[in-house]
Amino acid sequence: MVDWNLQHDPPLATSTTEVLIDMEYPVGTWNLADTVLNPLHHWSQVVSVCDDSLNFRVYQPDASGCYSTSNATGAQFQDITPPSIPIMVTVTVDTATNQSVLNWDPSPELDTQGYIVVQSTPGGNVIIDTVYGRLNTIYPWLGSQAGAGAESFTIAAIDSCSRGTPPSPNTSATFDPHTTVFLSTEYDRCAGTITIDRTPYGGWPVEQYLLFGSIDNAPYTLLATLGPGDLSFTVDEVQADHVYCFVMRAIGASPEETSLSNKTCRTTAYPQVPQWNYLRVATVVAKDHITVVDSVDLGAFTSRLTLERTFNGEPWETIAEVPGGTGPVVVFEDFDVQTSERSYTYRVAAEDSCGARTAISNVGNTMLLNVSADLDGYNHLYWNGYSEWAGNVAGYTVYRSIVDGPFEPVGTTMPSIWEFPDNVESLFETPGKFCYYVVANEAGNPTGIDAVSTSNIACAVQKEEVWIPNAFIATGYNFEFKPVLAYADINRYEFTIFNRWGQQIWTTNDRDQAWDGRVNGGYVPQGVYAYYCSFLNGAGKTVERKGTVTFLPG
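Rules used throughout
- Residues numbered from 1 in each chain as written.
- Predicted model: local features only at pLDDT ≥ 70, side-chain atom pairs only at ≥ 80, totals over all residues.
- Heavy atoms only, no water.
- Helix = DSSP H or I, 4+ residues; strand = E, 2+ residues; numbered from the N terminus.
- Rg over C-alpha atoms; globule rule 2.2 N^0.38 Å.
- Buried < 20%, exposed > 50% of the residue type's maximum accessible area, 1.4 Å probe, protein only.
- Contact = heavy atoms within 4.5 Å.
- Lys, Arg positive; Asp, Glu negative; His and termini not counted.
- Charge placed at Lys NZ, Arg CZ, Asp CG, Glu CD.
- 1 Å grid on protein atoms, 1.4 Å probe; cavity = no way out; pocket = protein on both sides within 12 Å on 5 of 7 lines; lining within 4 Å.
- Points joined across faces, edges and corners; volume = space filled by probe spheres on them.
- Nonpolar A, V, L, I, M, F, W, Y, C, P; charged D, E, K, R; others polar.
- Disulfide = S-S within 2.5 Å.
- Pairing = 2+ DSSP bridges.
- Axes fitted to C-alpha atoms, helices over the stretch in contact; angles between N-to-C directions.
- Phe/Tyr/Trp six-rings, centres within 6.5 Å; stacked < 30°, edge-to-face > 60°.
- Salt bridge = Lys/Arg side-chain N within 4 Å of Asp/Glu carboxyl O.
- Polar contact = N/O pair within 3.5 Å; in protein donor to acceptor, adjacent residues only side chain to side chain.

Caption draft 1: Just the overall build of the chain, in detail. From N to C terminus, the chain includes 0 helices and 48 strands. Taking 554 residues into account, the globule formula puts the C-alpha radius of gyration at 24 Å, and the chain, at 48 Å, lies well above it. Structurally, the chain occupies a C-alpha span of about 160 × 75 × 35 Å along its principal axes. Buried residues in the chain amount to 42% of all 554 residues. When contacts within the chain are restricted to residue pairs at least 6 apart in sequence, those whose partners lie at least 24 apart make up 59%. In the chain, which carries 26 positive and 62 negative side-chain charges, the distance between the mean positions of the two groups comes to 17 Å.

Caption draft 2: Seen up close, the layout of surface pockets. The space that makes up the largest pocket amounts to roughly 270 Å³. Lining the largest pocket are 18 residues, and of these Trp4, Asn5, Val58, Thr69 and Ser70 sit closest to its centre. For the lining of the largest pocket, the elements supplying multiple residues, two or more each, are β1 (2–3), β5 (51–61) and β6 (67–69). Residue composition of the lining of the largest pocket, by class: 7 nonpolar, 9 polar and 2 charged.

Caption draft 3: Expanded view of the environment of Ala320. For Ala320, the location among the structural elements is in strand β27 (residues 317–323). Note on Ala320: relative accessible area 21%, which makes it partly exposed. Separated by 14 residues in sequence, Ala320 and Asp334 have C-alpha atoms that sit 7.9 Å apart. Contact partners of Ala320, with chain neighbours within four places excluded, come to Leu305, Thr306, Leu307 and Phe332.

Caption draft 4: Representation of the state of the cysteines in the model. The final tally for this structure, using the stated rule, is 2 disulfides. For Cys245, the disulfide goes to Cys265, at an S-S distance of 2.0 Å. Between Cys245 and Cys265, the S-S dihedral sits near 110°, and the bridge is therefore right-handed. Of this pair, Cys245 sits in strand β21 (residues 243–251) while Cys265 sits in strand β23 (residues 264–267), and the two are 20 residues apart along the sequence. Two residues share a disulfide in this structure: Cys435 and Cys459, whose sulfurs sit 1.9 Å from each other. For the disulfide bridge between Cys435 and Cys459, the dihedral angle about the S-S bond is near 105°, and by the sign convention the bridge is right-handed.

Caption draft 5: Structural context of unusual backbone geometry. For the peptide bond that leads from Ser387 to Glu388, omega is 0°, which places it in the cis range. With a phi close to 65°, Asn217 is a non-glycine residue in the positive phi region. Following the sequence through the fold, Asn217 ends up in the loop between β18 (208–215) and β19 (221–226). For Asn217, a relative accessible area of 73% gives the class exposed. One non-glycine residue with positive phi stands out, namely Glu237, at about 55°. Turning to its location among the elements, Glu237 is positioned in the loop between β20 (232–235) and β21.

Caption draft 6: Broad picture of the sheet that holds strand β25 (residues 289–296). Here we have 3 strands laid out as an open sheet, ordered β24-β25-β28, and antiparallel in their pairing. Across the chains shown, the open sheet's two edge strands, defined by having one partner strand only, are β24 (277–286) and β28 (329–334). Between one strand and the next, the sheet's axes are offset by a mean angle of 20°, whatever the strand orientation. Where β25 meets β28, 6 bridges bridge the pair, whose relative direction is antiparallel. Looking at β28, one finds that Ser295 is bridged to Val329.

Caption draft 7: Molecular detail of empty space enclosed by the protein. According to the stated counting rule, one finds 1 cavity of 30 Å³ or more in the structure shown. Residue lining of the largest cavity: Leu6, Gln7, His8, Pro11, Leu12, Ser15, Asn38 and Gln60, and that is the complete set. For the lining of the largest cavity, the residue count by class is 3 nonpolar, 5 polar and no charged.

Caption draft 8: Structural view of the pairing of strand β3 (residues 30–37). Where strand β2 (residues 18–24) lies against β3, 7 bridges are found, and the strand directions are antiparallel. The partner of Val19 across the bridge, within β3, is Val36. Taken together, β2 and the strand that follows it, β3, pair antiparallel across an intervening segment of 5 residues, in which Gly28 is found at a positive phi of about 95°.

Caption draft 9: Representation of the packing of aromatic side chains. One pass over the full model with this rule turns up 17 aromatic pairs. Here Tyr399 and Tyr437 contribute two aromatic rings whose centre-to-centre distance is 4.9 Å and whose plane-to-plane angle is 15°, an arrangement assigned as stacked. Here Tyr399, found in strand β34 (residues 392–402), pairs with Tyr437, found in strand β37 (residues 433–443); they are 38 residues apart in sequence, far enough to count as distant. The class of Tyr399 is partly exposed, set by a relative accessible area of 22%. Given the relative accessible area of 18%, Tyr437 is considered buried. Consider the rings of Trp515 and Phe551, whose centres lie 6.2 Å apart with planes at 40°: the pair is tilted. A residue pair is termed long-range when its members are at least 10 positions apart, and Trp515 in the loop between β44 (504–508) and β45 (518–519) and Phe551 in strand β48 (residues 542–552) qualify at 36 residues.

Caption draft 10: Up close: the pattern of salt bridges. Scanning the entire structure with this criterion turns up 12 salt bridges. Residues Arg304 and Glu351 are paired through a salt bridge, measuring 2.9 Å at the closest nitrogen-oxygen approach. With Arg304 in strand β26 (residues 304–310) and Glu351 in strand β29 (residues 345–351), this residue pair connects regions lying 47 residues apart in the sequence. Exposure remark for Arg304: the relative accessible area of 31% places this residue in the partly exposed category.

Caption draft 11: Representation of the side chain of Asn537 in the model. Examined against the element boundaries, Asn537 turns out to sit in strand β47 (residues 527–537). Only 3.0 Å separates the side chain of Asn537 from the backbone nitrogen of Ala539, close enough to count as a polar contact. Setting aside chain neighbours within four positions, we find Asn537 in contact with Pro431, Glu464, Tyr487, Asp489 and Val543.

Caption draft 12: Looking closely at the sheet that holds β47. Reading across the sheet, the 5 strands line up as β41-β48-β47-β43-β44 and stay open at both edges, with mixed pairing between neighbours. Two strands close off the open sheet at either side, each with one partner strand: β41 (471–473) and β44. Between one strand axis and the next, the sheet turns by 25° as a mean value, whatever way the strands run.

Shown next as structure tokens:
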């Protein structure tokens, strides 16, 4: 701002109608900066120098050609004003590369040094490049992926002056971003249609969208003129074995308001339907987990494979779905099962490219094993046979685990025998917990790959047995006193002797250690003594026995 006093108020009749303002920049060089009307006595101008000394003076000519000149005055000035906000003309897509191209108007300030290109993303604005040169206003972004989705951009201008710590140029704000049009297609081979969907252009109001199409690289032709609210268009009578490409142009009110979308192409085809579908095996993995393995014709197109399940003759229900073409073998996992309570039957349905069920597999049913512990020293196993394989069931192998130990085979049965008696009398010194599973073995599969199916794990607990004598004699045949246990878990075993006053006189946690009638090295007096015995059975429950025993010294 420069202020001065008027030479005369009102102005002299001989004075000219304008006052001239000179500026000294650089030092020693005066140039005419501006003229103002005579009655005015102040003047302002945006400073475009980064950081320098500026001096000013005013002078007024009169009719005779003489000048009245003021004194010169000045100060140190800094340019802290950023350039004007750049105006985006359009953001379009180069259909040859599917990359975005930006076009904006240059900033009017001559000290504009360049432009910052900003991409607007859901996570915020991201600076992707800096373009130098005030008139350099077209930018093709080589990192663009406009063929994968709409892209949004805005522009900020920078001048040649820097300030701050660290120094950075004066930078303008930005206007709202402009967004490219993104085309995507959906091909319905069964209906013979291609539906083209678009996203709207963002930046200026669109008056209409023009959709162009090409078949097998032929020249593009106009397919449809769409309004701003038309987000999709369906092409009918689409033929198989061709390449259909589409491009859309957004058109605004002014001639420069035009923007191309990405180019999107679709190849049409009608693949062959699958001819076969084979369920290889259904097998139990855990109490809540069954694995089903299926294979399908890879020489045809399978859009989807659906795993279906039933039990006890109930209707089939869909358990899982996977897309077709994932490989020659498809593995399904079913976790919504109770394998210790029921057997499940599965099948797999293959769908062709139109969603029709064209190949349904054979069924596969899991084996349900039940075990009962009988008083005769046997565990009796029962299960349902496996079906259906392309080969035959060669037989069944029974595996047993003792007290959660490793499983080992204990016997086999013929294909038609679905039960097995397991004699565990000789294992009376174990806690009595026995777990089993059964494996069905296939033989003669036409592919040469035989399968195996495993049942659930079923457990049985033999009832514990306790024999405790009621008397013993120190010098007799029965000179020691201890319980005799069968199918008992010695964890937390306790055997304690009490005298007639209820005082504990002897105890042990070793099931093999007996009381010989002595305490502290000497025999106790003849008489009746109380005992307490406790241990865990095979089911993990505490078993207790209490009573009395008569001791005779001999």
